[in-house]
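Remarks on the overall topology
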Amino acid sequence: MKQLNALIGVMDPNSYSFRVAFEKLLAFVDPKVKYKKKSYHVTSRRIATRPYDILHAECPYKAIINRGAHWNPHHNSFFMTIGYQTYLLNDMITFEAINKNTSYGHMYKLGLHIPKTIALPQQSYKKLKKDSKAIPELIFSEHEFFSLEELGEEVGYPAFLKPQSGGGWVGVVKVESPEELVEAYNKSGSKPMNLQKAIDYREFVRTVGVGPQMMPMHYNASAEHSHDRYMRSEFEAVEFDFLTAEEEDEIKKIGKIINSFYGWDHNSCEALIGHDNVIYPIDFANAYPDSTLTSLHFHFPTLVKSMAKWLIFCAVTEKKRSYNFARNWPRYFEIAEDSSLSYKQKLDKYTEIADEYFETQKFDEFCSKYLGSFDEKAHEFFASEDFFSIIDKEVDYYFNIPSERPEKKQHYRGIHHYWLSMEEKRLQSQKK
Ligand SMILES: Nc1ncnc2c1ncn2[C@@H]1O[C@H](COP(=O)(O)OP(=O)(O)O)[C@@H](O)[C@H]1O
Ligand SMILES: [Mg+2]
């Protein structure tokens, strides 16, 4: 039987650990799959930035992981040109079109518990005024005056003033009073903003999704450094069972629904569990979810494995995707409008569409039939010196102060040893 090369393209120029761990894991496992009378050898290749012939653009990849085309229009046009020939994970059509606001609006219509949010036009038009083609008299006469104080009262305090399209907490301000709101808005500049009711929460959950696989993690927003936010506390890396079974089920469903609704294969959803036990999603349009080892520590191997399994599945089954990302919306909204259904019943019905979209059952069957020994091989890779050297190098890249690095290497190596022993136990218990 002739062996076909199922090549996976990797575009992730700004992160070291994720792309290298993915590539090395794939090369170590070296998947060879006989699927529907064909034999596939799954390999990966880095997608470099280089010139290409746009009229004869060819796609050698059966699947592509795109983490960064939103920063690089050169890649974006290549991906959109050849996207129909492959399984592109994530495309910029949706991430350009759908920002925080749009997704808040849609998900609220589906019945998810989005906190009250009012969109505010940008405070400053300095850039526009400098534009020689703009005619301020025409543009500004179309603006309505509004009272920020009244809007603040309508939303209630405390509230968050944050950019409609943002990331990395840039420009996010908590306001406790009308005065603070006015001050924050006056400083907000040329970005359209949102004013959102603050949720008083008891648990912050960040769920990273890869295809239909959802990985909820506890998140500590009060940690000073972003790399410490997935730590349960200063002394504890992870707490298992921090969610009840029902909470975990609901959170995973919410993540899967959002990602299938927009056709996002790799996205993160931040949700807050309030003291009222309601789950409030607050940030879930993230084209480039943080997947760095220094942030994710214990969770990192699972994320890399999920990505490998999903891409192997997409490449071997030659999964194709539709760029008409809104094609299932009428089905979702029909369920949303059915007043005989409860919130939980709606989630179940949306999840059916999501599982159909991702082909979850086919994926699960594929994993058990063709990737039965994947987890064991992966454990071998993650226990190897090759992986430990990725930890060390990521620390060297991430932490700027050289004297900090030895301690950080120990910290991440220690947590990783813990993952290795937990995973070994899990694999052994599966064999029994
Ligand atoms: N409605 C809210 N209630 C409570 N905390 C919030 C709310 N909105 C934002 N925050 C806090 O601000 C942080 C940044 O806001 P977020 O919407 O996630 O923006 P970004 O896209 O920059 O991550 C969140 O991680 C959370 O800690
Ligand atoms: Mg966020």
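So, here is what we can say about the structure in this document. Keep in mind it's a predicted model, so treat the numbers as computed, not measured.

Conventions we followed
Residues numbered from 1 in each chain as written. Chains lettered and ligands numbered in written order. Predicted model: local features only at pLDDT ≥ 70, side-chain atom pairs only at ≥ 80, totals over all residues. Heavy atoms only, no water. Helix = DSSP H or I, 4+ residues; strand = E, 2+ residues; numbered from the N terminus. Buried < 20%, exposed > 50% of the residue type's maximum accessible area, 1.4 Å probe, protein only. Contact = heavy atoms within 4.5 Å. Pairing = 2+ DSSP bridges. Axes fitted to C-alpha atoms, helices over the stretch in contact; angles between N-to-C directions. 1 Å grid on protein atoms, 1.4 Å probe; cavity = no way out; pocket = protein on both sides within 12 Å on 5 of 7 lines; lining within 4 Å. Points joined across faces, edges and corners; volume = space filled by probe spheres on them. Nonpolar A, V, L, I, M, F, W, Y, C, P; charged D, E, K, R; others polar.

A few words now on the side chain of H75. By the secondary structure assignment, H75 is in helix α2 (residues 73–82). Given a relative accessible area of 4%, H75 falls into the buried group. Ignoring sequence-local partners within four residues, the contact set of H75 consists of M11, I47, A48, T49 and A69.

Below, the discussion takes up the sheet that holds strand β7 (residues 159–163). In space, the 4 strands of this open sheet follow the order β6-β9-β7-β8, with antiparallel pairing throughout. For this open sheet the edge positions go to β6 (117–120) and β8 (173–175), each flanked by a neighbour on one side alone. Averaged over all adjacent pairs, the angle separating strand axes in this sheet is 25°, with direction ignored. In this structure, β7 lies alongside β8, joined through 3 bridges in antiparallel fashion. Paired with L161 across the strands is V173, a residue of β8. Sheet contacts for helix α4 (residues 100–109): β6, β7 and β9 (193–197); angle to β9, the most-contacted strand, approximately 40°.

Further remarks concern empty space enclosed by the protein. A complete count under the given rule lists 3 cavities of 30 Å³ or more for this structure. Estimates place the volume of the largest cavity at around 70 Å³. What lines the largest cavity is S260, F261, Y262, G263, R321, S322, F325, R327, N328, W329, Y332 and Y357. At the level of elements, α9 (245–262) and α12 (329–336) are the ones that each hand at least two residues to the lining of the largest cavity. Grouping the amino acids of the lining of the largest cavity by side-chain chemistry returns 6 nonpolar, 4 polar and 2 charged.

The subject of this paragraph is the layout of surface pockets. Computed from the structure, the second largest pocket encloses a volume of approximately 1,200 Å³. Along the wall of the second largest pocket there are 42 residues; nearest its centre are M214, M215, E248, K252 and T302. Contributions of two or more residues to the lining of the second largest pocket are made by β10 (201–210), β11 (213–218), α9, α11 (300–316), α14 (360–370), α15 (374–382) and α17 (405–431). Counting residues per element, the lining of the second largest pocket draws most heavily on α17, at 7 residues. Split by residue class, the lining of the second largest pocket holds 19 nonpolar, 9 polar and 14 charged.

Spatial relationships are all this shows, so hold off on functional conclusions.
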